[in-house]
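# Remarks on the overall topology
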Amino acid sequence: MELLKIPGLHMLKENKKNLKKCLFCFNSNIGFNKQIVKNNSLLCKSNESNLEDYLINSKPMINGEEVKYSQVILELKKFINTKEIFHIDGLSCDIQSISKVLNFAEKKKYSINHIDGKRINNFYKSFQKYGGSFTSFNEIKNRSDLMIFLNISEEEICLEFFEKLDWTRKKKKESIFFFNSTQKKSDEFSHISYKEGNFFEELNYLNIDTKERSIKKKFEGLKKKFEKANFPVVLCNIEENNNAQVLSIYSLIKLINKKNRLRIYNFLGSNNSSGYTNVCVTKTGYPNSINFTERGSEYEPDEIRPESLKEYIKFQIYISNFEENPKLNFFKNNIFIGNPNFINKNKTQLFIPTKTPGIDCSGLVVRSDGIGVIKLNKKIDSDYPSLIEIFEDLM
């Protein structure tokens, strides 16, 4: 198979700190340019394969055999026409493609879930249980006078997040607190550390608005700042397997909110999960795990999980532009649509390679740090169809 090899094709302008932003590092969980490019490539080391090894002549497949595009679409239509129940997963793609897939799923009455669905559900289930008040990046920038990062280290946050705050060095030091167990810290911000494994015990001391008990000395600076704060914000990093931690954080926020409103800012995750939830909420009112039925859209975060659905649903359509090796839960019949470099293409019944936003087509994604929307510009030409074209064929 032919690989794309165009040395130095994408030179990126350096920012004022002589650091370059990787095209695909918007896909990190917390920040856009978490990975830094230190050479003349567009891509950081961990994402070099997104361009340097991008397959430009990958072929559609039926049961591991290469076929024409028209043949694989015809076979997929045959599957759909059997009237079997389908589940659609992954949806690691641009905003417009997500919208097209949701329209298709609604029409066919299929269920949908995101590649980062566990993370999305973890956040929203906690929010639904305890409530809270969200805030935006612009509100933080213009109104906040206290930011508390819970269980997030400095090095996990992209540099541009702090640059776009446009706060003075003095305000950053006095108003930004990191609460974590990491030993790496700078003098640019304030820090409250705890020993690894002591998160839940130390978290109780963050109920800094209480007057019923004394607090540890290391929390005194934060307590004084909190008492004077007009717009305090807590920033959480929600993961798929830290549900107990997330519930504890939201329980604490609910306690504090009885006396002083504490806003919530969430880092929205990788694979354009924030773009996906925005489209889902706009269309259905629900963030993820949606089952389209004759009665309408149903939100079922406990039921729509691929590891359980595969026990009784035969067909899965898995969509991924940004991940060439996603962790699939293989159903009896699997249709993969997306990245031409997909590792397990021979294990699927149908494989349909498509254009990838940021490489051979353009597309919009929402930054994982919530600052705004990114346009991923087309860099090269290819003969692959786009996701939108495929689902227009299927409609």
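Definitions and cut-offs
- Residues numbered from 1 in each chain as written.
- Predicted model: local features only at pLDDT ≥ 70, side-chain atom pairs only at ≥ 80, totals over all residues.
- Heavy atoms only, no water.
- Axes fitted to C-alpha atoms, helices over the stretch in contact; angles between N-to-C directions.
- Helix = DSSP H or I, 4+ residues; strand = E, 2+ residues; numbered from the N terminus.
- Parallel < 35°, antiparallel > 145°, perpendicular 65-115°, else oblique.
- Left-handed = near helix turned anticlockwise from the far one by under 90°.
- Contact = heavy atoms within 4.5 Å.
- Phe/Tyr/Trp six-rings, centres within 6.5 Å; stacked < 30°, edge-to-face > 60°.
- Buried < 20%, exposed > 50% of the residue type's maximum accessible area, 1.4 Å probe, protein only.
- Lys NZ or Arg CZ within 6 Å of the ring centre and 35° of its normal.
- Arc of directions from axis to C-beta.

## Quick look at the packing of helix 1 (residues 69-80) against helix 12 (residues 387-394)
Where helix 1 meets helix 12, the axes come as close as 10 Å, and the angle between the chain directions of the two elements is 50 degrees. Taken together, helix 1 and helix 12 sit at an angle that is classed as oblique. The hand of the helix 1/helix 12 crossing is right-handed. Together, Tyr-69, Ile-73, Leu-76, Lys-77 and Ile-80 of helix 1 and Glu-389, Ile-390, Asp-393 and Leu-394 of helix 12 make up the contact between the two elements.

## Brief notes about the packing of aromatic side chains
Geometry of an aromatic ring pair is reported as the spacing of the ring centres plus the angle between the planes. All chains considered together, the criterion is met by 18 aromatic pairs. Each ring, one from Phe-149 and one from Phe-178, has its centre 4.5 Å from the other, and the planes form 10 degrees; the classification is stacked. Separated by 29 residues along the polypeptide, Phe-149 in strand 8 (residues 146-150) and Phe-178 in strand 9 (residues 176-180) bring together distant segments of the chain. Judged by relative accessible area, which is 0%, Phe-149 ranks as buried. Residue Phe-178 is classed as buried on the basis of its relative accessible area, which comes to 1%. Taken together, the aromatic side chains of Phe-137, Phe-149, Phe-161, Phe-162, Phe-178, Phe-189 and Tyr-265 make up a single cluster linked through ring pairs. Directly above the aromatic system of Trp-167 lies the positively charged group of Lys-171, at a separation of 4.1 Å from the ring centroid. Note that Arg-263 overlies the ring of Phe-231, its terminal NZ or CZ placed 4.2 Å from the centroid.

## Structural notes on helix 8 (residues 220-228)
All of the buried residues along helix 8 are Leu-222, Lys-223 and Phe-226. Relative to the axis of helix 8, the buried residues are bounded by an arc of 100 degrees and lie together on one face. Exposed residues pointing more than 90 degrees away from the buried face of helix 8 are listed as Lys-224 and Lys-228.

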